[in-house]
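# Structural overview
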Amino acid sequence: VAQHFAINHAEKLNKLFLLSTFAHQTPYLEAMSFAWERALDVGGYSLMFDIMLPVVLSEAYFNHPLIPLEVLKIARENINTDPTALKKLMQATYERGDYREKLKVIKTPTMVIHGENDSLLPIHMAKTVADSIQGSKFETILGIGHTLNLEAIPETVKLISEFI
């Protein structure tokens, strides 16, 4: 969403932060999406969430969770878990296509922040985003997975604050 907004409404931005981001599909990401969609079909949101967790959180989070996993699961189940809506989101992500060339029009000062141990989006995918945006800054948070807002709050806030 932020990439799309920056491409189409750059005049409304002073800075751009892209966290745990990607600009194109890979066979691995397509397989992951297919697995999540199948889990949603077979066991609903609860099964999909269980399958997602080890992919979106690093091993470090499981060893020292900020929010206990059962609390996360209950909180997520209390939001919109309509399979139709989730499938539309997955489809929209897939249909968006390859954004790498489009990102080249972004001139807004940009920081791309990514977890070193992101299993969902390997670090090379975020590096490709950063490489596609002229002058962007790329930061890696060591030992962290995909979900920076749970796994690396102080580190993420520090990077954003310094860039602002």
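This write-up is about the structure you can find in this document. Since the structure is predicted, the reported quantities are computational estimates derived from the model, not experimental observations.

The rules behind the values
- Residues numbered from 1 in each chain as written.
- Predicted model: local features only at pLDDT ≥ 70, side-chain atom pairs only at ≥ 80, totals over all residues.
- Heavy atoms only, no water.
- Helix = DSSP H or I, 4+ residues; strand = E, 2+ residues; numbered from the N terminus.
- Rg over C-alpha atoms; globule rule 2.2 N^0.38 Å.
- Buried < 20%, exposed > 50% of the residue type's maximum accessible area, 1.4 Å probe, protein only.
- Pairing = 2+ DSSP bridges.
- Axes fitted to C-alpha atoms, helices over the stretch in contact; angles between N-to-C directions.
- Contact = heavy atoms within 4.5 Å.
- Salt bridge = Lys/Arg side-chain N within 4 Å of Asp/Glu carboxyl O.
- Core = buried A, V, L, I, M, F, W, Y, C linked by side-chain atoms within 4.5 Å.
- Phe/Tyr/Trp six-rings, centres within 6.5 Å; stacked < 30°, edge-to-face > 60°.

### Examining the overall build of the protein
- Looking only at helices and strands, the protein has 9 helices and 3 strands in total.
- In the protein, the order of α-helices and β-strands from amino to carboxyl end is α-β-α-α-α-α-α-β-α-β-α-α.
- The C-alpha atoms of the protein give a radius of gyration of 16 Å, which matches the 15 Å a tight globule of 164 residues would have.
- Structurally, the protein occupies a C-alpha span of about 45 × 35 × 25 Å along its principal axes.
- Here the protein holds 164 residues, and the buried ones make up 38% of them.

### Digging into the sheet that holds strand β1 (residues 16–19)
- Read across the open sheet, the 3 strands follow the order β1-β2-β3; overall the sheet is parallel. Looking at the sheet topology across the chains shown, the edges are occupied by β1 and β3 (137–141). For this sheet, the mean angle separating the axes of adjacent strands, direction not counted, is 20°.
- Helix α7 (residues 123–132) rests against β1, β2 (110–115) and β3 of the sheet, and its axis sits at about 175° to β2.
- This element, helix α9 (residues 153–163), spans β1, β2 and β3 of the sheet and lies at about 165° to β2.

### Considering the pattern of salt bridges
- For the structure shown, the criterion picks out 7 salt bridges.
- Between E101 and K104 there is a salt bridge, with its nearest N and O atoms 2.9 Å apart.
- As a salt-bridge pair, K137 and E139 come within 3.5 Å of each other at their nearest N and O atoms.

### Observations concerning the nonpolar core
- Residues W36, M48, L57 and L120 are the most contacted members of the largest nonpolar core, which totals 22 residues.
- Broken down by secondary-structure element, the contributors of at least two residues to this core are α2 (27–56) and α5 (83–95).
- Considering every element that reaches this core, the biggest residue donor is α2, with 12 residues.
- Judged by nonpolar contacts, the second largest core, of 12 residues, contains A6, A23, V112 and A130.

### Observations concerning unusual backbone geometry
- Of note, the phi angle at S20 is positive, near 50°, even though the residue is not glycine.
- Along the polypeptide, S20 turns up in the loop between β1 and α2.
- Under the relative-accessibility criterion, S20 is labelled buried at 11%.

### Thoughts on the packing of aromatic side chains
- Overall, the coordinates contain 2 aromatic pairs when judged by the stated rule.
- Centroid distance F17 to F163: 5.5 Å. Interplanar angle 80°. Geometry classified as edge-to-face. Of the two residues, F17 is situated in strand β1 and F163 in helix α9; the sequence distance between them amounts to 146 residues.
- Judged by its relative accessible area of 17%, F163 is buried.
- Seen in terms of ring centroids, Y45 and F49 are 5.9 Å apart; in terms of plane orientation they differ by 35°. Their pairing is tilted.

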